[in-house]
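Structural features, examined
In case you want the letters, here they are:
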Amino acid sequence: METSISTSATSRPDITAARASIGVSCGRATPLISVVIPAYNVAPYIGETLDGVFAQTFTDFEVIIVNDGSPDTEEFERAIQPYRERICYIKQENRGASAARNAGLRAARGKLIAFLDADDRWSPNYLDEQLNFMHEFDCDLACADAMIFGVSADAGRTYMESLMEAAPARGRVTFLELVNADRSLITSGVVARRDQILEVGLFDEALRNAQDLDLWLRLARHGARLAYQRRVLLHYRSRPNSLTGDAINSHQRELRIFDKIEQSYEFTPAERAEVAPLIRNRRALLEYELGKLHLLPGDFAQARESFAKANSLKPGWKSRLALLLTRVAPRLLQTLYVARIKTTGAE
């Protein structure tokens, strides 16, 4: 039986009928939701992740796992063996998380896509609550909050506390808020309409990091209704070699996204007047943060270059002082910065 996913005020997914079905993939029935899981070096975690998926109170879903040329494939396949009859398993050569998610999207049959990283965990009511929220808030993409655990200064806090502490309990997410980082969405907490993702062109496979932000920006620009709820419905594992673990690379990729916005987005003069200063401010902040990150391993030339860019984009005493110290006393600045990290526990 095909289940509608309209989230208008007068209709919503037939959750009662959906709960009566079974969360298996590759069957004849078309599921309401396709769960897309990219996998790379996650053998120790995938069993726990899948346990959380198959413990869902909402069960009209399929699970698509894409092994992105992982070096731990043998161990990984042993770990997923107990679930093989309930999942669609795709293997491809290593092409990055964007390509892995796109492979899952192309194989998906559901009208909604639930993204999940292979080392994160959903609460049992995750899908139920996300569907309820999509109906209540009349949105095309819903994002839930996540508790951070693992190797992180933010462990024990939630994702939204960390990145959007002043945000209300729930709300809309606009293109400008995403550009300015006033709002931030966590991929493992996103459920979205598959047709709209296909319309905007899937994930950009040229981006090895921050590809999720790029997609949210294109969806918002396309007219999709994005919304978040600060209900903690999942756990996000922070680990040094996770998709978002390389902070320098992540900042550099975000800067590339701003290049893409400025070069390929068509704006009216009024829109460009709104977007340009936001991008300039974000570039300045990211360059300043890059400068600090380059200090840690003693890469003083790169740190100096980043601080110089930050100061040229948005002059201020902090960037001027950092630039001066990297020129005349770089090791002193490095010592001060490392001491601050040890004192505050944050970069």
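These figures come from a predicted structure and were not determined experimentally.

Here is what the cut-offs are and how they apply
- Residues numbered from 1 in each chain as written.
- Predicted model: local features only at pLDDT ≥ 70, side-chain atom pairs only at ≥ 80, totals over all residues.
- Heavy atoms only, no water.
- Helix = DSSP H or I, 4+ residues; strand = E, 2+ residues; numbered from the N terminus.
- Buried < 20%, exposed > 50% of the residue type's maximum accessible area, 1.4 Å probe, protein only.
- Areas by Shrake-Rupley, 256 points an atom, 1.4 Å probe, with all protein chains shown as cover.
- Expected span 1.5 Å × (residues − 1).
- Contact = heavy atoms within 4.5 Å.
- Core = buried A, V, L, I, M, F, W, Y, C linked by side-chain atoms within 4.5 Å.
- Arc of directions from axis to C-beta.
- Phe/Tyr/Trp six-rings, centres within 6.5 Å; stacked < 30°, edge-to-face > 60°.
- Axes fitted to C-alpha atoms, helices over the stretch in contact; angles between N-to-C directions.
- Parallel < 35°, antiparallel > 145°, perpendicular 65-115°, else oblique.
- Left-handed = near helix turned anticlockwise from the far one by under 90°.
- Salt bridge = Lys/Arg side-chain N within 4 Å of Asp/Glu carboxyl O.
- Pairing = 2+ DSSP bridges.
- pLDDT = per-residue confidence, 0-100.

Focus: the overall build of the protein chain
Within the protein chain, the secondary structure is distributed over 14 helices and nine strands. Out of the 347 residues belonging to the protein chain, those deemed buried represent 52%. For the protein chain, the computed accessible surface area is about 15600 Å², with 51% contributed by carbon and sulfur atoms.

Some remarks on helix α2 (residues 43-54)
When the terminal C-alpha atoms of α2 are compared, their 18 Å separation across 12 residues agrees well with the 16 Å that a helix rising 1.5 Å per residue should span. Among the residues of α2, those classed as buried are A43, I46, G47, T49, L50, G52, V53 and F54. Summarising the contacts, the buried residues of α2 are in contact with β1 (33-39), β2 (61-68), α3 (73-80) and β5 (121-122).

Topic: the nonpolar core
If you look at the biggest cluster of nonpolar residues, it comprises 89 residues, and the most contacted ones within it are I33, V63, I65, L185, W216, L226 and I261. Once residues within four sequence positions are removed from consideration, W216 is found in contact with F115, L141, L178, L185, T187, V190 and L226. F307, A310, L325 and L333 belong to the second-largest nonpolar core, a separate cluster that totals 12 residues.

Points about α3
Among all positions in α3, only T73, F76 and I80 are buried. On an axial view of α3, the arc spanned by its buried residues comes to 60°, and they lie on one face. Summarising the geometry of α3, the exposed residues directed more than 90 degrees from the buried face are E74 and R78. Of the surrounding elements, those touching the buried residues of α3 are β1, α2, β2 and β3 (88-92).

Concerning the packing of aromatic side chains
Taken as a whole and assessed by the stated rule, the structure comprises 11 aromatic pairs. On the numbers, 5.4 Å between centres and 80° between planes, the contact of F115 with F203 is edge-to-face. Of this pair, F115 sits in strand β4 (residues 112-115) while F203 is found in the loop between α8 (194-200) and α9 (211-222), placing the two residues 88 residues apart along the sequence. Of the two residues, F115 and F203, neither departs from the other in class, the shared state being buried. Consider the rings of F115 and W216, whose centres lie 6.4 Å apart with planes at 55°: the pair is tilted.

Overview of the packing of helix α12 (residues 300-313) against helix α13 (residues 317-328)
Across the interface, α12 lies against α13 with an axial gap of 9 Å and an inter-helix angle of 155°. When the interaxial angle is binned, α12 and α13 end up roughly antiparallel. The handedness of the crossing between α12 and α13 is left-handed. Every residue of α13 that contacts α12 at A303, R304, F307, A308, A310 and N311 is listed here: S319, R320, A322, L323, T326 and R327.

Section: the packing of helix α11 (residues 269-295) against α12
It is at 8 Å that the axes of α11 and α12 come closest, and there the two elements cross at 160°. The pairing of α11 with α12 is recorded here as roughly antiparallel in orientation. The crossing of α11 and α12 is left-handed. Residue-level inspection shows R280, R283, A284, E287, Y288, L290, G291, K292, H294 and L295 of α11 in contact with α12, the latter providing F300, Q302, A303, S306, F307, K309, A310, S312 and L313.

A short note on the pattern of salt bridges
Taken as a whole and judged by the stated rule, the model has 22 salt bridges. A salt bridge links R170 to E136; the nearest nitrogen and oxygen atoms lie 2.8 Å apart. With R170 in strand β7 (residues 170-173) and E136 in helix α5 (residues 126-137), this residue pair connects regions lying 34 residues apart in the sequence. Classification of R170 as partly exposed rests on a relative accessible area of 37%. Under the relative-accessibility criterion, E136 is labelled exposed at 52%.

Section: the pairing of strand β9 (residues 226-238)
As defined by bridge partners, β5 adjoins β9 across two bridges and the pair is classed as antiparallel. Within β9, the residue paired with R121 across the bridge is H235. As defined by bridge partners, β7 adjoins β9 across four bridges and the pair is classed as antiparallel. Bridge pairing in β9 places G171 opposite Y228.

Points about unusual backbone geometry
Its identity as a non-glycine residue notwithstanding, N41 has a phi of 55°, on the positive side. Summarising the element assignment, N41 is placed in the loop between β1 and α2. Phi at D138 takes a positive value of approximately 50°, unusual for a residue other than glycine. Examined against the element boundaries, D138 turns out to sit in the loop between α5 and β6 (141-150).

Points about the confidence of the model for the protein chain
On average, residues of the protein chain score 88 in pLDDT, and 88% of them are at 70 or above. Across residues 1-25 the pLDDT falls below 50, and counting only partners more than four positions away or on other chains, this stretch makes 65 contacts in the model.

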